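Listed below, chain by chain, are the residues.
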Amino acid sequence: MRDGPLIAQSLRGTPEAFVEIVRRHEVAIHGYLTRRAGQRAADDLLGEVWVRAFGARDGYDTSHEDARPWLYGIARNVLRAHWRTGQNVELALPEEVLDPWDEITDRLDSAVRVRALVSALGKLPSTERDVLLLVAWEQLTPAEAAITLSIPPGTARSRLHRARTTLRQILAEPADETEVRK
Amino acid sequence: MNLDSQDSEVPDVLSAVGQVNPPASHVLENARDVLWSAIAEEMLSNADARLSRAEYKADQPQRAVRQRRANNPQQAQQRRNAGPGA
């Protein structure tokens, strides 16, 4: 049974049917959390994602056969809440400040090519980077990334195009103009 | 490096950058346990609601009789004439 009907079933008096959705996507969602917040945070946040998804499943469009884009969207919201509480809770900090890109850079291999790419990714606007990484890392289509980010598919496609163009330009710069010298 | 589709280098590096270790099984189980708590809560809540509905339905015939009596002026008059305790 595909995800849509399974979620519908979980809404019609068989809530335990939702566990199968979790079994199907738990490794992918944990990977998404790990790539953005580190393994320990991912371990802590995974259960929160399931509870939120379970509580919000009546808002799921059951015509969507694959629940992953929707689950990534919920995981993204959980991450944002996690980052907010990690900072000063009383301050409404802008998203750029909350973005833990430096932590990700620290976790990665220090090989020059990788570092150049990570540095370039870090220079992208977060809205464009979100789409690019959902496509590159989570293997979503631009239309699926649009579901995750609650944006129109056309916007996702144009952000992806801009991200690729910008990344290409950054990587084409001579090494001494970038941060590769580290 | 460039991002042309003909050049697989950057996509490969980008994928490599996104590689993470798979989660330990106990991590997945712990997270599922958290979900099961939420599921159990909803099941209990549903069971309570079903019980309330069943009790309401069981009471329906009696309720209907009481309603018919209350709506029947002749019977109401007879009850009044009979006085309290009739």
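This structure is a prediction, so every number in the text was calculated from the model and none was measured.

Within chain B, the secondary structure is distributed over 3 helices and 0 strands. Start at the N end of chain B and walk to the C end: the helices and strands fall as α-α-α. Going through the 86 residues of chain B one by one, you find that 17% of them count as buried. Here chain B displays about 6,400 Å² of accessible surface, and carbon together with sulfur accounts for 49% of that area.

In a soluble, globular protein the nonpolar side chains are often hidden away together inside. Formed by 62 residues in total, the largest nonpolar core has its most connected members in Phe-18, Ile-29, Leu-33, Trp-50 and Trp-70 of chain A. In this view, Trp-50 of chain A contacts Phe-18, Val-22, His-25, Glu-26, Ile-29 and Leu-71 of chain A together with Ala-31, Arg-32 and Leu-35 of chain B; residues no more than four positions away in its chain are not counted.

Here we come to the pattern of salt bridges. Residues and elements named next belong to chain A. Under the defined criterion, the tally for this structure stands at 11 salt bridges over all chains. Ionic pairing is found between Arg-35 and Glu-138, a salt bridge with its closest N-O pair at 2.7 Å. Here Arg-35 is found in helix H2 (residues 18–37), whereas its partner Glu-138 is found in the loop between helix H8 (126–136) and helix H9 (142–149), with 103 residues between them in sequence. When sorted by exposure, Arg-35 lands in the same class as Glu-138, which is buried. It is possible to trace a salt-bridge network through shared partners that takes in Asp-3, Glu-20 and Arg-24.

For interface size, the figure often reported is the accessible area lost on association. The interface is formed by 26 residues belonging to chain B together with 35 residues belonging to chain A. Carbon and sulfur atoms make up 74% of the surface buried where chain B meets chain A, a total of about 2,800 Å² over both sides. Here chain B and chain A share 2 salt bridges between them. With a closest N to O distance of 2.6 Å, Glu-42 of chain B and Arg-57 of chain A form a salt bridge. Counting across the chain B and chain A interface gives 3 residue pairs in polar contact (both at pLDDT 80 or more). Secondary-structure elements contributing two or more residues to the side of chain B that touches chain A are helix H1 (9–17) and helix H2 (25–71) of chain B. Take the side of chain B that touches chain A: its biggest share by element is 11 residues, from H2 of chain B.

Before going further, it helps to examine the environment of Leu-167 of chain A. All names here are of chain A. Tracing the backbone through its elements, the reader meets Leu-167 in helix H10 (residues 153–172). Residue classification places Leu-167 among the buried residues on the basis of a relative accessible area of 0%. A sequence separation of 166 residues divides Leu-167 from Met-1, and the C-alpha atoms of the two residues are 40 Å apart.

This part is about the packing of aromatic side chains. All names here are of chain A. Enumeration according to the criterion identifies 3 aromatic pairs over all chains in this entry. Seen from their ring centres, Phe-18 and Phe-54 are 5.6 Å apart, and the 65 degrees between their planes marks the pair as edge-to-face. You can see Phe-18 sitting in helix H2 and its partner Phe-54 sitting in helix H3 (residues 39–55), a full 36 residues away along the chain. Of the two residues, Phe-18 and Phe-54, neither departs from the other in class, the shared state being buried. Taking the ring centre of Phe-54 as reference, the NZ or CZ of Arg-57 above it sits at 4.0 Å.

Basis of the calculations
Residues numbered from 1 in each chain as written. Chains lettered and ligands numbered in written order. Predicted model: local features only at pLDDT ≥ 70, side-chain atom pairs only at ≥ 80, totals over all residues. Heavy atoms only, no water. Helix = DSSP H or I, 4+ residues; strand = E, 2+ residues; numbered from the N terminus. Buried < 20%, exposed > 50% of the residue type's maximum accessible area, 1.4 Å probe, protein only. Areas by Shrake-Rupley, 256 points an atom, 1.4 Å probe, with all protein chains shown as cover. Core = buried A, V, L, I, M, F, W, Y, C linked by side-chain atoms within 4.5 Å. Contact = heavy atoms within 4.5 Å. Salt bridge = Lys/Arg side-chain N within 4 Å of Asp/Glu carboxyl O. Buried area = accessible area lost by both parts, 1.4 Å probe. Polar contact = N/O pair within 3.5 Å; in protein donor to acceptor, adjacent residues only side chain to side chain. Phe/Tyr/Trp six-rings, centres within 6.5 Å; stacked < 30°, edge-to-face > 60°. Lys NZ or Arg CZ within 6 Å of the ring centre and 35° of its normal.

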